[in-house]
Amino acid sequence: MNSLAAQPAPASAAAAPRIEKGTTQFRRACWALFAAGFASFALLYCVQPMMPAFSAAFALNAAQSSLALSISTIALAMGLLLTGPLSDAIGRKPVMVTALCAAALLTLLSPLVPGWHAFLLLRALLGLVLSGQVAVAMSYLSEEIDPRHLGLAMGLYISGNSLGGMGGRLIGGVLLDFFSWQAALAALGLLALLAALTFWRLLPDSRHFQATPLSFANLAHGLRLHFSDQGLPWLFLEAFLLVGSFVALFNYMSFRLLEPPYGLSMSLVGLLSVVYLSGTYSSTQAGALADRLGRHRVFWPSILLMLGGVLLTLCAPLGLVLAGMLLFAFGFFAAHSLASSWVGRRALQARGQASSLYLFSFYAGSSVAGTAGGFFWQHGGWTGVGLFIAALLGLALIVALRLSRLPPKQALA
């Protein structure tokens, strides 16, 4: 249980070798964080295909049912402001292990509570505790992985996120067709608990972590440091725009495909989450490509792929809609992988806080755009939602082109 009692790194930590590709430690770290990313995204996004069921069970409209996800992501965003700096003070692994176990237990409890408001309360608590995993994973990788292989390691972690998002939607959609949303959540809670135990056993302890006392002065210094950087504030904005468009698309695509002329079953709608598999490939490949060519050369084309994908979904034929979803997911996970590792490379101090700020923007975008998409759905159908997403991505592309001209920071960008 030594991993649950974090100790500041000794003075010699800076001289300790970082984890390199091809080693047992690299494989353990990647598999552990893959499992953590899978569990976190599965628990967070499993409610997306269940939203029509929530609407029917609790007499809600589409925007109201989307709160099952939005309230989790806004609570997660708020929690990130504390958990990143907290991990800077007490250590990376203890925070992540505690967060994953608590999230699994909250999911197991959620089918048992009476009423919509009680369910939303547990979903908010879920988002709050998950902030302790998603904020810290990026910092752990940035500190422990050799910089030459950071893009690949971050890509593998993001691929776990994509598979988790797919698995949560798929398991939730299929079980909902045969059982109930309560049974689906219980199954996912058990799966997440298993992933949390795997993570605890596999993840190597930190060797380069150096504790930073948790104080207002340190937090304020970190904020000044990060927001005075030429690139970090723009990367925070990109997080907001990218995930906002992603969540809006998958929130309301379920409603579209359940209605005429498609009339798909809940199982089939959940099965369409296999498009996340394209993100499993794109996140690792984009990370490896960026390690060779530079993030500034790979980032903006990934956003262009997302834009092309959402425009394809505006077409009526189901085949083109599915192709658009596939292209969109491919571009999103590549872009998110690149932006995540870029933050880790530019934040040379207070990395936990930098990761928290990036992910705060990430989940704030999920909450704001995910709920706002309901307005466009109610008043403009899928055309309204698609054009809303295209506008977000147009702005994201402008920011990405600005970042492509960003001078390297200590030759590491």
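Check the entry above for the structure.
In this text the structure is predicted, and so the values were computed from the model without any measurement.

Q: Hey, could you go over the overall build of the protein chain for me, with residue numbers and the actual values?
A: Across its full length, the protein chain holds 15 helices and zero strands. Taking 2.2 N^0.38 as the reference for a compact globule, 413 residues should give roughly 22 Å; the C-alpha atoms of the protein chain span a radius of gyration of 20 Å, in line with that estimate. Expressed along its principal axes, the backbone C-alpha trace of the protein chain runs to roughly 65 × 45 × 40 Å. Counting over 413 residues, the protein chain shows a buried share of 58%.

Q: So what's going on with helix α13 (residues 295-312)? Residues and values would help.
A: Taking 1.5 Å per residue, 18 residues should reach 26 Å; α13 reaches 26 Å between its end C-alpha atoms and fits that length. The complete set of buried residues in α13 reads R295, V298, F299, S302, I303, M306, L307, G309 and V310.

Q: Lay out the packing of helix α5 (residues 92-109) against helix α8 (residues 181-202) with the relevant residues and their values.
A: At a minimum axis separation of 7 Å, α5 and α8 run at an interaxial angle of 165 degrees. If you check the angle between α5 and α8, you find them roughly antiparallel. When the axes of α5 and α8 are compared, the crossing they make is left-handed. For the pair α5 and α8, contact is made by K93, M96, V97, L100, C101, A104, T107 and L108 and by L185, A186, G189, L190, A192, L193, A196, F199 and W200, respectively. By residue class, the composition of the contact of α5 with α8 is 14 nonpolar, two polar and one charged.

Q: Quick rundown of the packing of helix α7 (residues 150-178) against α8? Include the residues and the values.
A: Look at α7 against α8: their axes get within 8 Å of each other, and the N-to-C directions meet at 145 degrees. The two elements α7 and α8 meet at a crossing, and its hand is right-handed. Residues G168, I171, G172, L175 and L176 of α7 touch α8, and the partners they reach there are W181, A183, A184, A187, L188 and L191.

Q: Residue-level account of the packing of aromatic side chains, with values.
A: Counted by the stated rule, this structure contains 22 aromatic pairs. Seen in terms of ring centroids, F227 and F236 are 5.7 Å apart; in terms of plane orientation they differ by 65 degrees. Their pairing is edge-to-face. Put simply, the rings of F246, F250, F328, F332, F333, Y358 and F362 pair up and form one aromatic cluster.

Q: Go over unusual backbone geometry, please, and point to the residues and values.
A: Note that the residue after P260, namely P261, is joined by a cis bond; omega there is 5 degrees. Relative to the assigned elements, P261 resides in the loop between α10 (232-258) and α11 (266-271).

Q: I'd like to hear about the state of the cysteines, residue by residue, with values.
A: In a disulfide, the sulfur atoms of two cysteines are held together by a covalent bond. Throughout the structure, instances matching the rule amount to zero disulfides. For C46, which is in no disulfide, the shortest distance to another cysteine sulfur is to C101 and amounts to 18 Å.

Q: Which residues make up the side chain of S40, and what values go with them?
A: With respect to the helices, strands and loops of the structure, S40 is situated in helix α1 (residues 24-45). The class for S40 is buried, based on a relative accessible area of 1%. Excluding its chain neighbours within four sequence positions, the residues that come into contact with S40 are L100, L130, Q133 and V134.

Q: Can you break down α8 residue by residue, with the values?
A: Between its first and last C-alpha, α8 extends 32 Å over 22 residues, near the 32 Å set by a 1.5 Å rise per residue. Taken residue by residue, α8 has W181, A184, L185, L188, G189, A192, A195, A196 and F199 as its buried positions. Buried residues along α8 cover an arc of 135 degrees about the axis, so they all sit on one side. Residues of α8 that are exposed and angled more than 90 degrees away from the buried face: L190, L194 and R201. Close packing links the buried residues of α8 with α1, α2 (51-58), α5, α6 (116-144) and α7.

Q: Can you lay out the environment of V385 for me, pointing to particular residues and giving the numbers?
A: Along the polypeptide, V385 turns up in helix α15 (residues 351-404). Each C-alpha atom of the pair V385 and V310 lies 9.6 Å from the other, and the pair is 75 residues apart in sequence. Other than its neighbours up to four places away in sequence, V385 contacts A248, Y252, G373, F376 and W377.

Q: Give a detailed account of the nonpolar core, specifying residues and quantitative values.
A: Among the nonpolar cores identified, the biggest contains 129 residues, and F299 and Y363 are the most heavily contacted of them. For this core, the element with the highest residue contribution is α15, accounting for 20 residues. Ignoring sequence-local partners within four residues, the contact set of F299 consists of E238, L242, A335, L338, A339, W342, A400 and L403.

Each value, and the rule that gives it
- Sequence positions are assigned chain by chain, starting from 1 and proceeding in written order.
- Where totals are concerned, whole chains, interfaces and linings use all residues; where local detail is concerned, this predicted model gives features only for residues with pLDDT of at least 70, and gives and counts side-chain atom pairs only at 80 or more.
- The basis for the side-chain values is all heavy atoms of the structure; hydrogens and waters are excluded.
- We count a stretch as a helix when DSSP gives it H or I for four or more residues in a row; a strand needs E for two or more, and each element gets its number in order from the N terminus.
- C-alpha atoms define the radius of gyration, and 2.2 Å times the number of residues to the power 0.38 defines the globule rule.
- Burial status follows relative accessibility: with a 1.4 Å probe on protein chains alone, a residue under 20% of its type maximum counts as buried, one over 50% as exposed, and anything between as partly exposed.
- Multiplying 1.5 Å by the residue count of a helix minus one yields the expected span of that helix.
- Orientation is described by lines fitted to C-alpha atoms, with helices fitted over the stretch in contact, and by angles between N-to-C directions that extend from 0 to 180 degrees.
- What sets the label is the angle itself: under 35 degrees gives roughly parallel, over 145 gives roughly antiparallel, 65 to 115 gives roughly perpendicular, and the rest give oblique.
- The crossing is said to be left-handed when, going from far helix to near helix, the turn is anticlockwise and less than a right angle, and right-handed when the turn is clockwise.
- Residue contacts are counted whenever heavy atoms from the two residues lie within 4.5 Å of one another.
- For this classification, Asp, Glu, Lys and Arg are treated as charged, while Ala, Val, Leu, Ile, Met, Phe, Trp, Tyr, Cys and Pro are nonpolar and the rest, including Gly, are polar.
- A pair of aromatic rings is counted whenever rings of Phe, Tyr or Trp (Trp by its six-membered ring) have centres within 6.5 Å, and the orientation is called stacked for planes under 30 degrees apart, edge-to-face for over 60 and tilted otherwise.
- By disulfide we mean two sulfur atoms from cysteines, separated by a distance within 2.5 Å.
- In this context, the arc is that of the directions from the helix axis out to the C-beta atoms.
- Take the buried Ala, Val, Leu, Ile, Met, Phe, Trp, Tyr and Cys residues and link them wherever side-chain atoms come within 4.5 Å; each set so joined is a nonpolar core.

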